Amino acid sequence: VYVIYNGVDNKLFKNGLDERFRRGTPQFLFVGNLYEHKKVDELILALKRLVRTYPKAHLQIVGEGYAHAKLKNLVHKLNLQNHVSFVGFVPYSKLPYYYSSCDVYVTASRCELFPLPLLEAWACGKPVVASSIAAHAELLSKSRAGMLYKTGDIKELCERMITVYEQRTNFKDHAIRFARKNDWTSVATKTLRVYNE
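Residues numbered from 1 in each chain as written. Predicted model: local features only at pLDDT ≥ 70, side-chain atom pairs only at ≥ 80, totals over all residues. Heavy atoms only, no water.

Quick look at the overall build of the chain now. A tally of helices and strands in the chain yields eight helices and six strands. Taken from N to C terminus, the helices and strands of the chain fall in the order β-α-β-α-β-α-β-α-β-α-β-α-α-α. Its C-alpha radius of gyration of 16 Å places the chain within 12% of the 16 Å reference for a compact globule of 197 residues. When its C-alpha atoms are laid out on the principal axes, the chain stretches across 60 × 30 × 30 Å. The proportion of buried residues among the 197 residues of the chain is 50%. (Helix = DSSP H or I, 4+ residues; strand = E, 2+ residues; numbered from the N terminus. Rg over C-alpha atoms; globule rule 2.2 N^0.38 Å. Buried < 20%, exposed > 50% of the residue type's maximum accessible area, 1.4 Å probe, protein only.)

It is worth spelling out the sheet that holds strand 6 (residues 146-149) at this point. Reading across from one edge, 3-2-1-4-5-6 is the order of the six strands in this open sheet, with parallel pairing throughout. Each edge of the sheet is formed by a strand with only one pairing partner; in this case those strands are strand 3 (84-88) and strand 6. Averaged over all pairs of adjacent strands, the angle between strand axes in this sheet comes to 20°, irrespective of strand direction. Of the pairings in the sheet, the one linking strand 1 (residues 27-31) to strand 4 (residues 104-107) comprises two bridges and is parallel in character. Counted as the bridge partner of Phe 28 is Val 104 from strand 4. Strands strand 1, strand 2 (58-62), strand 3, strand 4 and strand 6 of the sheet are contacted by helix 1 (residues 40-50), whose axis makes an angle of about 170° with strand 2. Its contacts with the sheet put helix 5 (residues 134-143) on strand 4, strand 5 (128-131) and strand 6, and the angle it makes with strand 6 is roughly 150°. (Pairing = 2+ DSSP bridges. Axes fitted to C-alpha atoms, helices over the stretch in contact; angles between N-to-C directions. Contact = heavy atoms within 4.5 Å.)

Looking at the element boundaries, Leu 71 is found in helix 2 (residues 68-77). Those residues in contact with Leu 71 that sit more than four places away from it in its chain are Leu 34, Val 40, Asp 41, Ile 44 and Phe 86.

Ranked by internal contacts, the top residues of the largest apolar core, which has 61 residues, are Ile 44, Leu 50, Leu 59, Tyr 99, Tyr 105 and Trp 122. Per-element tally for this core: the top contributor is helix 6 (residues 154-166), with seven residues. (Core = buried A, V, L, I, M, F, W, Y, C linked by side-chain atoms within 4.5 Å.)

Here is the structure:
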């Protein structure tokens, strides 16, 4: 049995791009479909706690889906309109600049096979906070470029977001190194080797 991860385009997603979409400090980012199993509502609830420590914190949500209206209502209910922005669909060519503009990538998803946004964030030198599902746990144990939190624990999610933000420089090299190991060229070479065998 051979395990070969999905790849990332390290020429497109890379460290050092400008931060043209920065809206707050610290800034967090989620990229994905706005479906129920993504649990974006938990990110919003965690941010409500986090702004007590960092009043200028901001969460950008990139993506579309049927849960959008529900999530927007939650933001209004919690009075977080100045701290959360719904970006909607973003062309692939612009996506690296959203990663570059954040400090930490966050996901509370309950179901993933191989979450590409983690790899894209790491290629841009950004650490990750992720729910402790199997896919996230495997990637974070391999990369050492972020932290897990107990799935569903909003308090711990908030704490991890703060910790990873405050220690983000410690994770940066690990993030970039792991992304380089999983560049599409490397993935293609590994796959070809398996076919040849």
